[in-house]
Structures are given as structure tokens and as C-alpha cells.
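# Descriptive structure summary
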Amino acid sequence: MVIAAAPVAVIPAQNLMILLLQLGLLLGLATVLGRLAVRFGLPALLGELSAGILIGPSLLANAAPDFSAWLLPTDPSRFHMIDAVGQLGVLLLVGLTGMHLDLGFIRRQGRTSAWISGTGLTIPLVLGVGIGFLAPAEMIAEGVDHTVFALFLGVALCVSAIPVIAKVLMEMRLLHRDIGQLILSSAVIDDVVGWLLLSVVSALATAGARTGQAALTAIALLAALVLAAVLFGRRVVARVLRAADRGGSVTTIAAVTVMILLSAAATQAMGFEAILGAFVCGALVGSSPDLKVARLAPLQTLVAAVLAPIFFATAGLRMDLTELAKPPVLVAGIVVLVVAIAAKFAGAYLGARIARRTKWEALALGAGLNSRGVIEVIIAMVGLRLGVLTTASYTVIVLVAVVTSMMAPPLLRYAASRIAPTEDEAVREEFFDTLQGSDRELVTTAKEA
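Let us now look at the overall build of the protein chain. When its secondary structure is counted, the protein chain shows 19 helices and zero strands. Relative to its full complement of 449 residues, the protein chain shows a buried share of 49%. Expressed as a percentage of contacts within the protein chain between residues at least 6 apart in sequence, the contacts between residues at least 24 apart total 80%.

With that settled, consider the packing of aromatic side chains. Under the criterion given, the structure shown has four aromatic pairs. The ring of W360 carries R418 above its face, with NZ or CZ at 5.6 Å from the centroid.

What follows concerns helix α1 (residues 13–39). Turn by turn, an α-helix covers 3.6 residues, leaving residues three or four places apart pointing in a common direction. For α1, built from 27 residues, the straight-helix expectation of 39 Å at 1.5 Å per residue is met to within 8% by its first-to-last C-alpha distance of 39 Å. Taken together, the buried positions of α1 are N15, I18, L19, Q22, L23, L26, A30, L33, G34 and A37. One or two residues past the end of α1 sits G41, with phi positive at roughly 75°.

Turning our attention to the environment of S199. The topology assignment puts S199 in helix α10 (residues 178–207). The exposure class assigned to S199 is buried, which follows from its relative accessible area of 1%. A sequence separation of 73 residues divides S199 from F272, and the C-alpha atoms of the two residues are 5.2 Å apart.

By size, the foremost hydrophobic cluster in this structure holds 85 residues, and its most contacted members are M139, W195, V285 and V377. In terms of nonpolar packing, the next biggest core, distinct from the first, is built from 20 residues, I116, I183, A367 and A416 among them.

According to the stated counting rule, one finds seven salt bridges in the structure shown. We note a salt bridge from E323 to K326, for which the minimum N-O separation is 3.0 Å. Residue K326 is classed as partly exposed on the basis of its relative accessible area, which comes to 37%. Taking the shortest distance from any N to any O, the salt bridge between R357 and E361 comes out at 3.4 Å. Overlapping salt bridges, with partners in common, bring together D245, K292 and R295 in one network.

With that settled, consider the environment of Y394. Note that Y394 resides in helix α18 (residues 391–416). Distance from Y394 to I379, taken between C-alpha atoms, is 9.5 Å for residues 15 residues apart in sequence. Contact partners of Y394, with chain neighbours within four places excluded, come to A315, G316, R318, M319, A380, M381, L384 and L389.

Let us look at the side chain of T390. By the element assignment, T390 lies in the loop between α17 (373–386) and α18. Classification of T390 by relative accessible area gives buried; the value is 16%. Leaving out residues up to four positions away in the same chain, T390 has contacts with E138, M139, I140, A141 and L384.

Another point: the packing of helix α5 (residues 76–98) against helix α12 (residues 248–269). Working note: a packed helix pair is described by the angle between its axes plus the distance between those axes. One way to put it is that α5 packs onto α12 with a least axis distance of 10 Å and a crossing angle of 105°. In terms of their interaxial angle, α5 and α12 are classed as roughly perpendicular. Between α5, through L88, L91, L92 and G95, and α12, the contact on the second element is made entirely by T257, I260, L261 and A264. The residue makeup of the contact of α5 with α12, split by class, is six nonpolar, two polar and no charged.

Here helix α7 (residues 111–133) crosses helix α15 (residues 327–354) at 155°, and the two axes come no closer than 7 Å. One finds that α7 runs roughly antiparallel with respect to α15. The chirality of how α7 crosses α15 is right-handed. The residues of α15 that touch α7, namely those facing R111, W115, I116, T119, G120, L121, I123, P124, L127 and I131, are V335, V336, V339, A343, K344, A346, G347, A348, L350, G351, A352 and I354. A class-by-class count of the residues in the contact of α7 with α15 yields 16 nonpolar, four polar and two charged.

Take α15 next. For α15, spanning 28 residues, the distance from its first C-alpha to its last is 40 Å, which sits close to the expected 40 Å at 1.5 Å a residue. Phi turns positive, to about 65°, at R356, one or two residues after α15.

Turning to the confidence of the model for the protein chain, a few remarks are in order. Per-residue pLDDT for the protein chain has a mean of 82; in total, 86% of the residues score no lower than 70. Helix α19 (residues 423–448) is the least confidently modelled element of the protein chain, averaging 46 in pLDDT, while α12 averages 93, the highest of any element. With pLDDT under 50 throughout, residues 435–449 is counted as low confidence; its partners more than four residues away or in other chains account for one contact.

Before going further, it helps to spend a moment on a nonpolar patch on the surface. Together, V226, L227, V230, L231 and F232 line one region of the surface with nonpolar side chains, adding up to about 450 Å² of accessible area. Looking at where L231 falls in the secondary structure, it is placed in helix α11 (residues 212–245). With a relative accessible area of 43%, L231 lands in the partly exposed category.

Looking now at the environment of T267. With respect to the element layout, T267 can be found in helix α12. With a relative accessible area of 2%, T267 lands in the buried category. Separated by 45 residues in sequence, T267 and L222 place their C-alpha atoms 9.3 Å apart. In contact with T267, not counting residues within four places along its chain, are L225, F272, E273, A274, L276 and G277. Side-chain polar atoms of T267 contact the backbone oxygen of A264, separated by 3.1 Å.

Another point: the side chain of S68. Tracing the backbone through its elements, the reader meets S68 in helix α4 (residues 65–71). Residue classification places S68 among the buried positions, given a relative accessible area of 8%. Residues contacting S68, with those up to four places away along its chain left out, are L60, A61 and P73.

Parameters and conventions
Residues numbered from 1 in each chain as written. Predicted model: local features only at pLDDT ≥ 70, side-chain atom pairs only at ≥ 80, totals over all residues. Heavy atoms only, no water. Helix = DSSP H or I, 4+ residues; strand = E, 2+ residues; numbered from the N terminus. Buried < 20%, exposed > 50% of the residue type's maximum accessible area, 1.4 Å probe, protein only. Contact = heavy atoms within 4.5 Å. Phe/Tyr/Trp six-rings, centres within 6.5 Å; stacked < 30°, edge-to-face > 60°. Lys NZ or Arg CZ within 6 Å of the ring centre and 35° of its normal. Expected span 1.5 Å × (residues − 1). Core = buried A, V, L, I, M, F, W, Y, C linked by side-chain atoms within 4.5 Å. Salt bridge = Lys/Arg side-chain N within 4 Å of Asp/Glu carboxyl O. Axes fitted to C-alpha atoms, helices over the stretch in contact; angles between N-to-C directions. Parallel < 35°, antiparallel > 145°, perpendicular 65-115°, else oblique. Nonpolar A, V, L, I, M, F, W, Y, C, P; charged D, E, K, R; others polar. Left-handed = near helix turned anticlockwise from the far one by under 90°. pLDDT = per-residue confidence, 0-100. Patch = residues over 30% accessible without salt bridge, like charges linked within 9 Å, V, L, I, M, F, W, Y side chains within 5 Å. Areas by Shrake-Rupley, 256 points an atom, 1.4 Å probe, with all protein chains shown as cover. Polar contact = N/O pair within 3.5 Å; in protein donor to acceptor, adjacent residues only side chain to side chain.

Structure below.
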């Protein structure tokens, strides 16, 4: 006799209503505050994080605790529903970021990018690990190995943020100049190495390891993953894209999304972070000659306008600025911020000078690569989810991301204004001006028609 299993209960109506209210409120606030930040020349990330800060423990929980408890219940099973939406957004965001990875571009920059990225990663990593060992107890989650926390903090401080840097370079009309290309190529190397380092440290945190054996195992698995992606991943991606191409844009978007999610699940199952799989898959998709980038425009719009703002708003929900009222946390936060800025700047500057770049070029590189932005927020969320960070240390790391993203544009503008364009750069600038003028004429003609 076969006994039929009872159907799984659906989400209660009250819980569904609150979830929809949470998503609508977070997205609405994130959109409005993000646009407001952009209008004042600040990164949209700042406004999107502020949306979560306003209705999170930093403000609403203190101003209206009863309403806050109703709107954002602390029951993990209910809070995880909104987390799940944010995780979908960050996986697709990282996957789309990986599609912009250009290894040929990195190879063309050669020795200079290698020096800048090498010192720009090593110095903040070493200093970050050092202050991690000196961090107060309030910064380290209970039961976490101090070495794992220190390594995690080092990784968080050594990264750069490609999306923020690329946007700043475009707005400042530096993307076509040599210094802009150099900043971007160095940031790409920083990003790739940062994801790999994060995966190793995350594996250590998951295993709770105190010896080097787990680290060696994680590195070996990581090497096998990269090798498999290069040898087999490209072929699989090419076949999937060719098959999806027959169905048009909708099928291509669905196929790319499925590949990103399955790759993320695979790396999560291996003990690494899901975002590593999303990034590797995005890099494989972006490097495939079978990809028609224009077909992914609707997906990019959805992620940029809806899913990513929800993720950053949920990241703001996890912040508690009242933690900074504790003297040990405040002092630690100031030290982390100062070390993060000085170490990254010194690393990039030293690498540029070793590569025989001018003083002003070195200053521009130090200013540009100091922007942490999106990447550091993602890393902080990973640390919180793994139980490596406390609310205090998470808040400090996200604040570093915000402050460095805000200070990068004016410093970069100051340094770049003192770098005289070469003859080739002047020709490229004239070409881009002509191209933009032609675009404006086409838009005007279309409107008149």
C-alpha cells in the first residue's frame, strides 16, 4: 500500500504580504536614494545601502521598535526569504561582471599591470591580516579561529571594485586614455585574485581549519576548478549558447541564467563560495565567440534596476551604526579605514613607480584602485553569512567600501588633470568626441522624425 505524502504547505498569506511589502519598500527606497546619490556625484551604491540602514537596526529599530519587529521579524526562516532574493541578485550581478573580463586586455598591459596589481594586492593583504590579529573581541564572531578572521580581513582590504572604477573613468572621460586603461586592467587582476583568495579563506572558515592541510586542499580544488573551466567549460558554454541562439533573446537569457546558477551551486557544493562559480561562468560566457551580447541587455537592465538594488538594500539591513558607539569598535574602525586607504594607495603607487610610470600616473592609480565599492560589500556579506564577522566588523568593512568609493573620484580627477595626454590619446579623444557628436545628431534626427 502506497501512502501519499502530504503536500508541502504554501507560504502563509501574512508572511507573503510582509515579504512583498519588504521588497517593495526596499526597492523603492533604494531606487530613490540611489538616484539622489548620483545627482550629488556620489555612487548609487551609497544610496542603495542607505535604504537598508534607514529601516534596519541603525535607525528604525531604535525609533519604532514595535513596527520594526513587525516589518522585519528576526525569525531566520522569514528573514531568509528576502535574503534569497538578494542572493539571486548578487549571483547574477557577479556573473554579468565576469562577462566583462578581458584576459587579452590584461596580457596587452603586461608587466606594468602585473607590478601595480602585485604590490597593490600584497601590501593591503599583509597589513589587513596584521591588524586582523590585533582586532578587539567585538570584531570577531564567537568560535571563529583568529587566523581565519585575520585572513578574511586581509582579503576584504586588498580588493578593488571594477563597476565603480569603470563608471568613474567613463564619467571623467579617462577610459580611452592610457592611464584609464591601466587602472582598469589592474582592477581586473585585483578582482580575479580577490575572488580566488576569498574562495580559499571561505573554505577554511567552513572547515574550521587551523592547519595548512585544509588550505592546501582548498588551493588544489581551486586549481582543479579553474583547469576544468578552461578545458571543458568553454566547450559546454559554446554548445549551450549555440543551442539557445535559435530561440532568440528570451532563450539566451534563460540559458545564461541557468548556467550561472548551476555553476554557483557547483562551487558551493565544493566548499567554495557560490559567487566564485557565478564569476567563472560569467567569464566563460563573456569570452565565447558564440555570445550575442545585445541579447542579454534585458537581463542586465533587470539586474541593475531591480535585483542589485535589493541586494545592497538588504546589505544595509545588516549594518548597525550604533555599534560604532562602542570605543573599541570605533577605534578599530578608524584603524581599519586608515590602513585600507593608505595600504592600497601605497601598494599601487609603489608598483607604478617600479614600472617607471610618472608621479602623477602613480597617484592616479593609487586613487582609482582605492575604490572598493560593490566587491567589498559582497565580501562582507559572505563573511557575515559564514559566521566570520560580527555585526560590528561587518559594519566597519561596509563603511570602508562606502568611504573609499566616495573619495576615489575627486582624488583621481585631481591626479589625472596633471597628466598631459599623448599624441595618440589626443587622436582617440577627438575620435570619441566625433562619435558622441554623431550619436547626438542621430538622436536629434530620430526625435524630429
